[in-house]
Amino acid sequence: MSMKILVPFYPHYASTEKADYFKIAADITGGEIIATDKNGFFSIVRKIRGQDVHGHGRGFPFPQIACFFTRKSVYTFHNNFIGQKWHARVLRRFIFNHYDKIIVQSEFARQNYIKQGIKPEKLSLIPLPIDYKFYSHNKGDEKAFKQQFKIGENEPFAFSIGTSYHKNPEIIVEACRIAKIRLIIAGYKDKTQAKSIYGGFKIGREISTNTDNVIYTGHLRGPDFLSAFDAATMYINSSDEDGEAMGSAVFEAASAGLPLCVPDYGTFDVFKGSALFHENHDPKGLAENILKYLNDPGLRKTNGEKARQVAANYDYDIVRKQYEDLYRELGMIGGQG
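Going along each chain's sequence as written, the residues are numbered from 1 onward. Thresholds applied to this predicted model are a pLDDT of at least 70 for local features of residues and 80 or more for the giving and counting of side-chain atom pairs; totals over whole chains, interfaces and linings are not thresholded and use all residues. As a rule here, side-chain values come from all non-hydrogen atoms in the structure, and water together with hydrogens is ignored.

Let's talk about the environment of Val45
Here comes step 1: Relative to the elements of secondary structure, Val45 occurs in helix α2 (residues 41-48).
Here comes step 2: The rule is simple: take the accessible area with a 1.4 Å probe, protein chains only, and divide by the maximum for that residue type; under 20% is buried, over 50% is exposed, in between is partly exposed. With a relative accessible area of 6%, Val45 lands in the buried category.
Here comes step 3: Sequence separation between Val45 and Ser248 is 203 residues; the distance between their C-alpha atoms is 31 Å.
Here comes step 4: We call two residues in contact whenever any of their non-hydrogen atoms come within 4.5 Å of each other. Contact partners of Val45, with chain neighbours within four places excluded, come to Phe62 and Phe69. Secondary structure counts use DSSP, requiring at least four H or I residues in a row for a helix and at least two E residues in a row for a strand, with both numbered from the N terminus.

Listed below in C-alpha cells is the structure:
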C-alpha cells in the first residue's frame, strides 16, 4: 500500500525540490501525489478509499474530508487558525478531529488550534522543509542579479517574495517609499500573469501606492533567489497571521544570512532576538525598522548570523526525519499496521 498525497494543485512552485512540502511525503513513502484541481470527486474517492492519505491545504470537499474515506489519515491545513468565521470553525473542528493527526508548523498555530477545539493529542508540530544546505552553503551571482534588475553596484535594496493578497505587498511598498530604499519583489504585479504561473494563488488587490522605487522580477527559482539573497540588504515579510502558517521564504532568506524584518505575531517567534519586528499593517513601523538596518551595518550582520542559526533547525533532512517518525508511529511506513 502506497500513500496518497492529496493536494490542491501540482506541480508546486517551491524554490527548490527539497522545499516542495507536498513532495516530501512521496520522497519518504514512494506515494502518489493527487491534485484535486485535476480530479473530480468520484475519481478522488476511488484513488484514496482504504488508503493511507496525507492531505494538504484548503479545499472542500477535498482535500478536507479525505479522512472519511481512508485507512490512516494526516492533514496539514497550512494556516494558523482552523477558521475565522464561526461556521467554518464548527465544520473544520468536526472534520479535523476525525484525522489521525493534524500537522501544524509552529507552537503559535498549535495553541490556536487547541483554543478552536482541536484535540491536543491530534496535533503534531512539524515545520515545512527548508533547503538550508543550498541557501547556506552556496553563493549566488550578486553582480549579475544587480545588473539584470538595474541596481547600482553599491545601492542598498530590500527584497521580498510574493504579491498574493495575504502578503500585503502594498504595505511593504509604502514602507520602502517612506524609507527611500529600492524594493525588489519576486512575483508579478499583473494578476493575469501571476495566475498563469501560480494557479493555486489568489492574487491580491492592485498596489495603489507610488511604485517608482519597486521592481517586479516575475517568477524566480532557487538559483535566482540565492543571487537575490546575496545581493539584498535585507528581507521583508509583512503577511497576515491567518495566511502565513510558516513563511518558507523567510527561512530561506535567513538560511542565506539575510537580516529580517518580520511581523510581530507568533509565526515568527523563533526569530526573537535575531530579527526586527513590526505590526504587519503598519508601513511607518516597518519603515523605521528598515532605517535601523540601513543605518547599522553591524546590526544587519549580527541579526543575519543569528537568523541563519535559527534556520538551520528547519533543514530538509531534519524535517524529513520528523515526518518519518510520525508516519512510522501511525503505521503508515515501516510495515506496521
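Observations concerning the packing of helix α11 (residues 283-294) against helix α12 (residues 297-311)
Two quantities define a packed helix pair, namely the angle between the axes and the distance from one axis to the other.
Here comes step 1: With their axes 6 Å apart at the nearest point, α11 and α12 run at an angle of 100° to one another. Judged by the angle between their axes, α11 and α12 are roughly perpendicular. Facing Lys292, Tyr293 and Leu294 of α11, the residues of α12 in contact are Pro297, Leu299, Arg300 and Asn303.
Here comes step 2: Three classes are used: nonpolar for Ala, Val, Leu, Ile, Met, Phe, Trp, Tyr, Cys and Pro, charged for Asp, Glu, Lys and Arg, and polar for all others, with Gly counted as polar. Broken down by class, the residue content of the contact of α11 with α12 amounts to 4 nonpolar, 1 polar and 2 charged. All axes here are fitted lines through C-alpha atoms, helices being fitted over the stretch that makes contact, and every angle between N-to-C directions spans 0 to 180 degrees. Throughout this description, any angle smaller than 35 degrees is read as roughly parallel, any larger than 145 degrees as roughly antiparallel, any in the 65 to 115 degree range as roughly perpendicular, and the remainder as oblique.

As for the pattern of salt bridges
Here comes step 1: The term salt bridge refers to a side-chain nitrogen of Lys or Arg lying within 4 Å of a carboxyl oxygen of Asp or Glu. A full pass over the atoms with the stated rule returns 17 salt bridges.
Here comes step 2: Arg71 is paired through a salt bridge with Asp52; the nearest N and O atoms lie 2.9 Å apart. Here the residue Arg71 occupies a position in the loop between β3 (53-56) and β4 (73-76), and Asp52 occupies one in the loop between α2 and β3, the gap between them amounting to 19 residues.
Here comes step 3: On the basis of relative accessible area, Arg71 is assigned to the partly exposed category, the value being 33%.
Here comes step 4: Asp52 sits in the buried class, given a relative accessible area of 4%.
Here comes step 5: As a salt-bridge pair, Glu155 and Arg182 come within 3.7 Å of each other at their nearest N and O atoms. Of this pair, Glu155 sits in the loop between α6 (142-148) and β7 (157-161) while Arg182 sits in strand β8 (residues 182-186), and the two are 27 residues apart along the sequence.
Here comes step 6: For Glu155, a relative accessible area of 24% puts it in the partly exposed group.
Here comes step 7: Here the residues in one salt-bridge network are Glu17, Lys23 and Asp27, joined through shared partners.

Concerning unusual backbone geometry
Glycine aside, residues mostly have negative phi angles, and peptide bonds mostly take the trans form.
Here comes step 1: A cis geometry characterises the amide bond from Tyr10 onward to Pro11, with omega recorded as 10°.
Here comes step 2: With respect to the element layout, Pro11 can be found in the loop between β1 (4-7) and α1 (23-29).
Here comes step 3: Residue Pro61 is bonded to the preceding Phe60 through a cis peptide linkage, with omega at 10°.
Here comes step 4: Positionally, Pro61 belongs in the loop between β3 and β4.
Here comes step 5: The backbone phi angle of His78 is positive, close to 60°, even though this residue is not glycine.
Here comes step 6: Here His78 lies in the loop between β4 and α3 (86-96).
Here comes step 7: Given the relative accessible area of 18%, His78 is considered buried.
Here comes step 8: With phi around 55°, Lys150 is a residue other than glycine that occupies positive phi space.
Here comes step 9: In this structure, Lys150 sits in the loop between α6 and β7.
Here comes step 10: What makes Lys150 exposed here is its relative accessible area of 69%.

So, the environment of Asn79
Here comes step 1: Note that Asn79 resides in the loop between β4 and α3.
Here comes step 2: When the C-alpha positions of Asn79 and Gly243 are compared, they lie 6.0 Å apart, and in sequence the two are 164 residues distant.
Here comes step 3: Those residues in contact with Asn79 that lie beyond four places of it in its chain are Arg58, Ala109, Tyr113, Asp242 and Ala245.

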